[in-house]
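Listed below are the residues making up each chain.
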Amino acid sequence: MQRVLGESLNVGMAFVTRRLGNDSLTRYFKAFGLGEETGIDLPGEIPGLMSNLGSPRDVEHVTASFGQGIAVTPISTIRALSALGNGGVLPNPHLVRRIDYVSGVSKTPSYSSENQVISNKASETITRMLVEVVDTSLLGGTVKLPHYSIAAKTGTAQIPSPDGGYYKDRYLHSFFGYFPAYNPRFIVFLFTVYPKGAQYASHTLTYPFMDLVKFLIHYYDIAPDR
C-alpha cells in the first residue's frame, strides 16, 4: 500500500475496493461526510454527487475509489482529509468564532466533534505512510524537509467530456498536506483545473505547496519535530 500511495496506482485502489466490498466503501464515503454539506458558515454550499455509489455495479465503486464518477466540493474534500491527521475525528469547519445578528442574538459555532470515522491507530498509520510519500516519492524525495515531518499526497484526475467519457489531454490536479504531521497545526489543499504543459499534479503543485509550508513554518515559528 505504501507503493500504491507513492506511485498513485489506480489499480492498487481497485484492489483495495474489491477486498473491502462495495457496501463498506460506500459507508466510509458517507462517514467522511462526502456527498453532504459540511455546514460551514458561508452561503450557497451544495452537497457532492455520490449517486453512483447507489449502483450495484462494481465498476462504479472501483472508479470512485480513485476519484472518478463522483464529485465533491473543495471544503468537503478538505474536511474529509482533515480526519486523516486529526486522530480520525471528522471536524466541523467554520470561518468565524461568533455570529452577531441584527436582532441582538449571537450564535457561537461549534468546532468540537465526536464524529470518529477511523481509529486513532489508523490515523497514525496513514500519517506515517503520507510522510513516507513526501520523504521518498514526491519528486523523488527532493522536497523533503529534514527537520519537519510533512504528510501529503497528490491527485490527478481526468476531466469528463460533455460528449461522454473523459478528455484525453485535460486533467484536474489537486494536492493536500498537513504539518507537523504527527501534531498538525495546518492543512493545505490546492487544486488547479486543466493546467497546461504538465500531466501530473506533482509537477504543478508540489512547489507551491512547499512554499506555503515553509512560509507558515517561519511565520508561526513552528518548532522542528524531527
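Residues numbered from 1 in each chain as written. Predicted model: local features only at pLDDT ≥ 70, side-chain atom pairs only at ≥ 80, totals over all residues. Heavy atoms only, no water.

A. The packing of helix H5 (residues 74–85) against helix H6 (residues 120–137), seen in detail. Relative to each other, H5 and H6 sit at 100°, their axes nearing to 7 Å. Considered as vectors, H5 and H6 are oriented roughly perpendicular to each other. Residues Ala 83, Leu 84 and Gly 85 of H5 pack against Ser 123, Ile 126, Thr 127 and Leu 130 of H6. Considering only residue class, the contact of H5 with H6 consists of four nonpolar, three polar and no charged. (Axes fitted to C-alpha atoms, helices over the stretch in contact; angles between N-to-C directions. Helix = DSSP H or I, 4+ residues; strand = E, 2+ residues; numbered from the N terminus. Parallel < 35°, antiparallel > 145°, perpendicular 65-115°, else oblique. Contact = heavy atoms within 4.5 Å. Nonpolar A, V, L, I, M, F, W, Y, C, P; charged D, E, K, R; others polar.)

B. Examining the pairing of strand E4 (residues 166–179) more closely. As paired strands, strand E3 (residues 151–160) and E4 are joined by nine bridges and run antiparallel to one another. Within E4, the position partnered with Gln 158 by the bridge is Tyr 171. Between E3 and E4, which pair antiparallel in sequence order, lie five residues; one of them, Gly 164, sits at a positive phi of approximately 105°. In terms of strand pairing, E4 meets strand E5 (residues 186–193) through eight bridges, oriented antiparallel. Residue pairing in the sheet places Phe 175 in a bridge with Leu 190 of E5. (Pairing = 2+ DSSP bridges.)

C. View of the environment of Thr 154. Note on placement: Thr 154 falls in strand E3. Between the C-alpha atoms of Thr 154 and His 203, which are 49 residues apart in sequence, the distance is 9.7 Å. Not counting residues within four places of it along the chain, the set of residues in contact with Thr 154 comprises Ser 8, Leu 138, Ser 174, Phe 175, Ala 201 and Ser 202. A polar contact is formed between the side chain of Thr 154 and the side chain of Lys 153, at a distance of 3.5 Å. (Polar contact = N/O pair within 3.5 Å; in protein donor to acceptor, adjacent residues only side chain to side chain.)

Scope: geometric values only; no functional claims are made or implied.
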